[in-house]
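One-letter residues, chain by chain:
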Amino acid sequence: MSEPEEEMRSESTKKKEREKRSAKKKKKKKKKEEVVEEEKGQVEEGEEQSECVLLRGIFKLGKKSHDVLLTRTRLTWTPITPETPTVEPCEQEPGVMLLTDVFAVKVKRRRSVGQQSGGPVLGVALFCSRRKEGRLKEETLHLHNASSEHTNTWYNTLKELLTGITSRPKYLKVFINPSSHRKEAVHIYREHVAPLFKMADVRTDITVTERKGHALSVMKECKLDEFDGVVCVGGDGSVAELCHAMVVRAQLDADSPEIPVRAVLPLGIIPAGSTDVISCSVHGVRDPVTAALHIVLGHQQQVDMCSFSVLGQPVRFGFTAMFGFGGQSMARAEKKRWMPSTRRREYALVKTLARLRPEDCQLSFLPAKKSNRNLFKHREQKQDQDPEPEGEESWTTNHGLYLSISIMSIPCLSPHAPQGLAPNTRVANGSAALIAVGNTSRSEFIKHLKRYNSSSGQFSFSFVETQDVSAVKIRPRSVIGCSEEESEEEGDSKTSPIIQSEGAALPWNIDGELVEIAHEVLVRVHPRLITLYGEEVKEAESTVSCSCI
């Protein structure tokens, strides 16, 4: 065979191979398009099924008759306007209620005084939640119809649809701290929370805590597989203890004493404390009804937590830690527990400001991967890499005097700081806010504190630095020589000696609880370690702050 013939044959073969490949590609593309169309059709079919009318009937709402439609996702009602020759019919917007907002349905009956059961049927009552000015309020929709058969059909269908929402709890383990704030926790639960749980057919097992650590001991032995969630009625200290207990229990169940394990059950927080920072961060308000409605409706969100370790051993899990000014204020407040909570906080704040002094310490941090901001860009200090990096982690270390160091994995919203103590962080962004306040004058520090009550500006000082971090290490180098007992009496802070010490315990404020630690503290952020009932908010309900500063 001549060379030209061979070339022609090879070109013909190549052409056929290209055609085959092209045909295969077209076939794959067509098949992919068919799959996409089929999936799209299934989605549309599912949406059509969800919006398919299950029931239609006539009920009275108030004094007017309405045409009521029920689908799998919503209830709509339109007024029935009779046609008259002289009046043109006007179209009215139908009322709409999403079933995700309905937490209970009951049959209405007419009963005489003292009658507990029976009575003629009046219709159906739907209990739902409506958001008003940042709060969830209970509302009732009354559908009047005297037909027993008609009413029962609607009741049974609505009950079946509500039962099918799997995220809603049926059985809850409840912890109540009777000593929280003004000792109102039991009253708050009985008056505002228990009726909503009963209405939503939520069963409860209640433990009234008797001492610090009681919730932890109960959680270690409790059969959690019986419950759908846990509820805490108390302040920030009670919530923090229970959150810690739930993570510890998850570690025990997973046989993982060193590595944090995500808590199995969601936690609901009923605020009954003096500040309720954690509750405000997931509800926006200090309102037990709002918190209870979030629980019965099954609103959940995953939240970051921190582990606090000393000498390689985890001390506890929590959300916030304050060293320096925050820890000293907490230590003074704890010694005046006999005072009312508001007076106690103001007393501790003023006393700590009067004796304001910085802590000499070494601060190391591991920046969060998403953060590009430079910490301490205004501070003229020696900055070097940590001499003992952990694996591939690159730590940055600073030495200096600090009035306050705060680590917060949640924004810490409260009535006194509606934007939060850490407004640039979120409850589940995988990082914590490190806020370091360097040594400055008392007047400048007070200006910094007062701006927390405004919308912004608390970090616009040269002595305040912030950073998004995934881990922080704090190693104190000095403590105040005089005892707290002496400092509460006479004495000028300028003449008080500062003695170098390696073993004295210094006060920390961890989630509103006083913890005294004498060694270096390692704080690590663990993304989405716990699930809380609620919805993330950007701003809390504001009230007038204390007038002490």
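Predicted model only: the values in this text are computed from it and were never measured.

Draft legend 1. Representation of the environment of Thr71. When you line up the elements, Thr71 lands in the loop between strand E2 (64-70) and strand E3 (74-79). Each C-alpha atom of the pair Thr71 and Leu99 lies 9.1 Å from the other, and the pair is 28 residues apart in sequence.

Draft legend 2. Inspection of the pairing of strand E17 (residues 396-408) at higher detail. Judged by how many residues are buried, E17 sits mostly within the fold: 11 of 13 residues are covered. Here 5 bridges tie strand E14 (residues 320-324) to E17, and the two strands are oriented antiparallel to one another. When the sheet's bridge partners are listed, Gly324 is paired in E17 with Ser404. Note: E17 against strand E18 (residues 432-438), 6 bridges, orientation antiparallel. In the sheet register, Ser404 faces E18, and the bridge partner there is Val437.

Draft legend 3. Quick peek at the environment of Gly420. Within the element layout of this structure, Gly420 appears in the loop between E17 and E18. Owing to a relative accessible area of 0%, Gly420 belongs among the buried residues under this scheme. As for Gly420 and Val277, which are separated by 143 residues in sequence, their C-alpha atoms are 8.9 Å apart. Excluding residues that lie within four positions of it along the chain, Gly420 makes contacts with Pro411, Cys412, Leu413, Tyr452 and Gln458.

Draft legend 4. Structural view of the pairing of strand E13 (residues 313-318). Pairing of strand E12 (residues 300-310) with E13 involves 5 bridges; the strand directions are antiparallel. Bridge pairing in E13 links Phe308 to Arg316. The turn linking E12 back onto E13 is made up of 2 residues, and Leu311 within it adopts a positive phi angle of 55°.

Draft legend 5. View of helix H8 (residues 325-334). For H8, the tally of buried residues reaches 9 of 10 residues, placing the bulk of the element in the interior. For H8, the full list of buried residues reads Phe325, Gly326, Gly327, Gln328, Ser329, Met330, Ala331, Arg332 and Ala333.

Draft legend 6. Just the packing of aromatic side chains, in detail. Counted by the stated rule, this structure contains 7 aromatic pairs. Taken together, a centroid distance of 5.0 Å and an interplanar angle of 80° make the contact between Phe59 and Trp154 edge-to-face. Here Phe59 is found in strand E1 (residues 55-61), whereas its partner Trp154 is found in helix H2 (residues 148-163), with 95 residues between them in sequence. For the pair Phe59 and Trp154, a shared accessibility class is recorded, and that class is buried. A cation over an aromatic ring shows up here: Arg203 above the ring of Tyr171, its NZ or CZ 4.1 Å from the ring centre.

Draft legend 7. Quick peek at the environment of Ser456. For Ser456, the location among the structural elements is in the loop between helix H10 (442-450) and strand E19 (464-476). Between the alpha carbons of Ser456 and Pro423 there is a distance of 8.8 Å; along the sequence they are 33 residues apart.

Draft legend 8. Inspection of the confidence of the model for the protein at higher detail. Averaged over all residues, the pLDDT of the protein equals 81, while 79% of them reach at least 70. Here strand E21 (residues 498-500) stands out as the element of the protein with the lowest mean pLDDT, 33, in contrast to strand E8 (residues 171-176), whose mean of 96 is the highest. Segment residues 371-390 is flagged for pLDDT under 50; beyond a separation of four residues in sequence, or across chains, it makes 54 contacts in the model. Confidence drops under a pLDDT of 50 for residues 544-548, and excluding neighbours within four residues, the segment shows 10 contacts in the predicted structure.

The rules behind these values
Residues numbered from 1 in each chain as written. Predicted model: local features only at pLDDT ≥ 70, side-chain atom pairs only at ≥ 80, totals over all residues. Heavy atoms only, no water. Helix = DSSP H or I, 4+ residues; strand = E, 2+ residues; numbered from the N terminus. Buried < 20%, exposed > 50% of the residue type's maximum accessible area, 1.4 Å probe, protein only. Pairing = 2+ DSSP bridges. Contact = heavy atoms within 4.5 Å. Phe/Tyr/Trp six-rings, centres within 6.5 Å; stacked < 30°, edge-to-face > 60°. Lys NZ or Arg CZ within 6 Å of the ring centre and 35° of its normal. pLDDT = per-residue confidence, 0-100.

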